[in-house]
Each structure stands twice: as structure tokens, then as C-alpha cells.
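Okay, here's what each chain looks like letter by letter:
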Amino acid sequence: MDDAGIGWIAAIIIGGLAGWIASNFMNSNTGVLANIILGIVGAAVASFLLGLLGVSFGGWLGYLVAGFVGACILIAGARAVRS
């Protein structure tokens, strides 16, 4: 998160937005707090996985994209575990 150049408040806002977009994209029914957690944790997961591939994002838009991708991965993983 510090590498992206955004603060904690911005991370919460962008993470919530990324989680909300991912929950709508994946047809998941999650609340506001779950969306924020999905977006922030998803951004960390996606940044790690994409970093292994040599891809890195920066700034607000990069954090949003990483949060969206990571949240989709987390939602799909949760569905796979529940099934």
C-alpha cells in the first residue's frame, strides 16, 4: 500500500470500491464492511501474485485494479471451498 503512494483512508475508500465492483461482477451478496475487507486484502493478494509475474501497478487506479482482481480471486476461492 505504501508503494502505491496512497494513505490508509484512501486505501479503505478504494478497497471498498474495488470490493463493491468485484461483488457485483461475481454476483456475490456482501455488505459494506466485507467489500472493504475484500478490496484491501484482495489488493494485497493480487499485488503479490502479479508481482511474481513481474507486473506491478501504481497509484489509485492500479490499487483499484489490483483490489478488483484480488477480490474476485477471493470470492471465487470462497465459493470453491463452500461447494
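Rules and cut-offs
Residues numbered from 1 in each chain as written. Predicted model: local features only at pLDDT ≥ 70, side-chain atom pairs only at ≥ 80, totals over all residues. Heavy atoms only, no water. Helix = DSSP H or I, 4+ residues; strand = E, 2+ residues; numbered from the N terminus. Rg over C-alpha atoms; globule rule 2.2 N^0.38 Å. Buried < 20%, exposed > 50% of the residue type's maximum accessible area, 1.4 Å probe, protein only. Contact = heavy atoms within 4.5 Å. Phe/Tyr/Trp six-rings, centres within 6.5 Å; stacked < 30°, edge-to-face > 60°.

1. A look at the overall build of the chain
Part 1 of the argument: On a plain count of helices and strands, the chain comes out with three helices and zero strands.
Part 2 of the argument: Listed by position from the N terminus, the elements making up the chain come as α-α-α.
Part 3 of the argument: Taking 12 Å as the expected radius of gyration for a compact globule of 83 residues, we find that the chain reaches 12 Å, a close match to that expectation.
Part 4 of the argument: Overall, the C-alpha framework of the chain stretches about 35 × 30 × 15 Å when taken along its three principal axes.
Part 5 of the argument: In the chain, which comprises 83 residues, the share counted as buried stands at 33%.

2. Digging into the side chain of asparagine 35
Part 1 of the argument: Tracing the backbone shows asparagine 35 in helix 2 (residues 32-52).
Part 2 of the argument: On the basis of relative accessibility, which here comes to 6%, the residue asparagine 35 falls in the buried class.
Part 3 of the argument: In contact with asparagine 35, other than residues within four places in its own chain, are Gly15, Gly16, Gly19, Trp20, Ser23 and Thr30.

3. A look at the packing of aromatic side chains
In this description, a pair of aromatic rings is defined by centroid distance and the angle of the planes.
Part 1 of the argument: All chains considered together, the criterion is met by one aromatic pair.
Part 2 of the argument: Plain terms: the ring middles of phenylalanine 25 and phenylalanine 68 are 5.4 Å apart, the flat faces sit at 70° to each other, and that makes the pair edge-to-face. Of the two residues, phenylalanine 25 sits in helix 1 (residues 8-25) while phenylalanine 68 sits in helix 3 (residues 59-82), which places them 43 residues apart along the sequence.
Part 3 of the argument: Here phenylalanine 68 falls in the partly exposed class, since its relative accessible area comes to 23%.

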